[in-house]
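Tertiary structure, described
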Amino acid sequence: MENSRSRNVERIVIGKATSDGAGVSLTRVLTQPLQRRLDPFLMLDAFGSDNPDDYIAGFPDHPHRGFETVTYMIAGRMRHRDSAGHEGLLQSGDVQWMTAGRGVIHSEIPEQESGVMEGFQLWLNLPAGKKMIEPWYRDIRGKDIPSYVARDGVAVKIIAGMSNGIEGAVTREDTEPLFLDIDLPAGSAFSAQLPETHNAFAYVYRGKVRIGGQSISHGRMAILGNGQGKDGVSLEAEESARAILVAGRPLSEPIVQYGPFVMNTQAEIYQAISDFREGRLG
Ligand code: FE2
């Protein structure tokens with residue numbers, strides 16, 4: 001990037017193996033202690049297995065309130081159903097963007113009994129004034145996600161935000177999220193603009209990339225350092241690699257999480273729990 005200064009890697013994070021839903025094995029990459037540092041992002045789970053025992057049970061009915069979930073399927077099929085009567089099937093390459101707002105109860109169940117199930121779920125916070133908005137969701141087919149091929153044959157999908165002057169599948173004015181999936185041939189390099197105020201990270205899920213001279217292997221997240229004038233990032237592929245690049249404008253509001261509810265105060269959490277128990281959430 002001629003006119004930008006690339007960020008350096010502030011810290012490399014190795015995801016934690018965990019289990020969620022009815023026993024789905026996954027890697028929690030962005031964990032609760034990183035929520036403040038990576039504001040407005042609250043969680044990133046990476047799942048990927050060719051063993052059905054790791055995913056078959058799925059995520060039966062569960063609630064959410066106060067944020068958005070972005071599910072990106074790399075491989076596999078997942079059926080979702082929610083309390084408002086929506087239903088959809090996510091297939092390889094598709095994205096579901098769900099605004100939980102005041103509340104949804106939904107299930108996310110694999111619709112395959114064998115083969116590879118791989119993807120991500122990213123949680124994006126809502127500003128205080130929008131935590132109780134009406135729920136909304138959209139299923140975006142892979143072929144409808146804007147994409148382009150950059151120099152060196154680097155293939156870029158724009159799930160959210162703007163890249164290379166192209167608007168992504170989803171935009172959000174409060175947090176201006178950028179969510180790119182980047183496929184880098186061995187030896188290629190890719191640069192993206194990142195507003196210097198935004199928090200940003202890259203998660204490598206195939207191969208190995210270099211950022212600011214640091215090598216990041218697959219399965220690792222690089223938190224990108226903020227700093228005056230650091231308005232971009234450059235990735236170099238040491239070998240053929242795939243990575244997601246995520247950035248957003250911090251909300252700088254209190255974050256109080258209790259499981260699937262993320263609000264600004266403890267009182268709002270108690271309210272969410274009682275609304276759920278009394279059937280007022282979904
Ligand atoms: Fe969910």
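Look a little higher up for the structure.
Read on for a plain summary of the structure. This structure is a prediction, so every number in the text was calculated from the model and none was measured.

**Quick notes on the coordination of the iron ion**
- The coordination sphere of the iron ion, as far as protein atoms go, consists of H62 (NE2), H64 (NE2), H106 (NE2) and E108 (OE), spread over 2.1 to 2.5 Å.
- Each donor residue of the iron ion belongs to the same chain, and together they define the spacing H-x1-H-x41-H-x1-E. Here H62 is found in strand β5 (residues 59-64), whereas its partner H106 is found in strand β10 (residues 104-110), with 44 residues between them in sequence.
- On the accessibility criterion, H62 (17% relative accessible area) is buried.

**What to know about the sheet that holds strand β4 (residues 41-49)**
- If you walk across this open sheet you meet the seven strands as β2-β3-β4-β11-β6-β9-β12, and the pairing is antiparallel. Pairing within the sheet leaves two strands with one partner each, and these edge strands are β2 (16-20) and β12 (136-140). Each strand of the sheet is rotated relative to its neighbour by a mean of 20 degrees, with strand direction disregarded.

**Observations concerning the nonpolar core**
- If you look at the biggest cluster of nonpolar residues, it comprises 30 residues, and the most contacted ones within it are L44, F120, F179, F201, Y203 and M221.
- Aside from chain neighbours lying at most four places away, what touches Y203 is V29, L44, A46, F120, G219, R220, M221, R242, A243 and I244.
- Counting 27 residues, the second largest nonpolar core, distinct from the first, contains V154, L180, A202 and V204.

**Considerations on the packing of aromatic side chains**
- Counted by the stated rule, this structure contains six aromatic pairs.
- With centroids separated by 6.3 Å and ring planes inclined at 65 degrees, the aromatic side chains of F261 and F276 adopt a geometry described as edge-to-face. In this pair, F261 sits in strand β26 (residues 261-263) while F276 sits in helix α1 (residues 266-277), placing the two residues 15 residues apart along the sequence.
- Here F276 falls in the partly exposed class, since its relative accessible area comes to 35%.
- Aromatic ring contacts, followed pair by pair, group F120, Y203 and Y205 into a single cluster.

**Comments concerning the pattern of salt bridges**
- Counted by the stated rule, this structure contains 19 salt bridges.
- A salt bridge links R36 to D39; its shortest N-O distance comes to 3.7 Å.
- The residue D174 makes a salt bridge to K130 at a minimum N-O spacing of 2.7 Å. Taken together, the residues D174 in the loop between β16 (166-167) and β17 (178-184) and K130 in the loop between β11 (117-125) and β12 connect sequence positions 44 residues apart.
- Under the relative-accessibility criterion, K130 is labelled partly exposed at 27%.

**Examining the environment of A84**
- Residue placement: A84 occurs in the loop between β7 (78-82) and β8 (87-90).
- Along the chain, A84 and G115 lie 31 residues apart, while their C-alpha atoms are 31 Å from each other.

Scoring rules and cut-offs
- Residues numbered from 1 in each chain as written.
- Predicted model: local features only at pLDDT ≥ 70, side-chain atom pairs only at ≥ 80, totals over all residues.
- Heavy atoms only, no water.
- Donors = N, O, S within 2.8 Å, 3.2 Å for Na, K, Ca; no water.
- Helix = DSSP H or I, 4+ residues; strand = E, 2+ residues; numbered from the N terminus.
- Buried < 20%, exposed > 50% of the residue type's maximum accessible area, 1.4 Å probe, protein only.
- Pairing = 2+ DSSP bridges.
- Axes fitted to C-alpha atoms, helices over the stretch in contact; angles between N-to-C directions.
- Core = buried A, V, L, I, M, F, W, Y, C linked by side-chain atoms within 4.5 Å.
- Contact = heavy atoms within 4.5 Å.
- Phe/Tyr/Trp six-rings, centres within 6.5 Å; stacked < 30°, edge-to-face > 60°.
- Salt bridge = Lys/Arg side-chain N within 4 Å of Asp/Glu carboxyl O.

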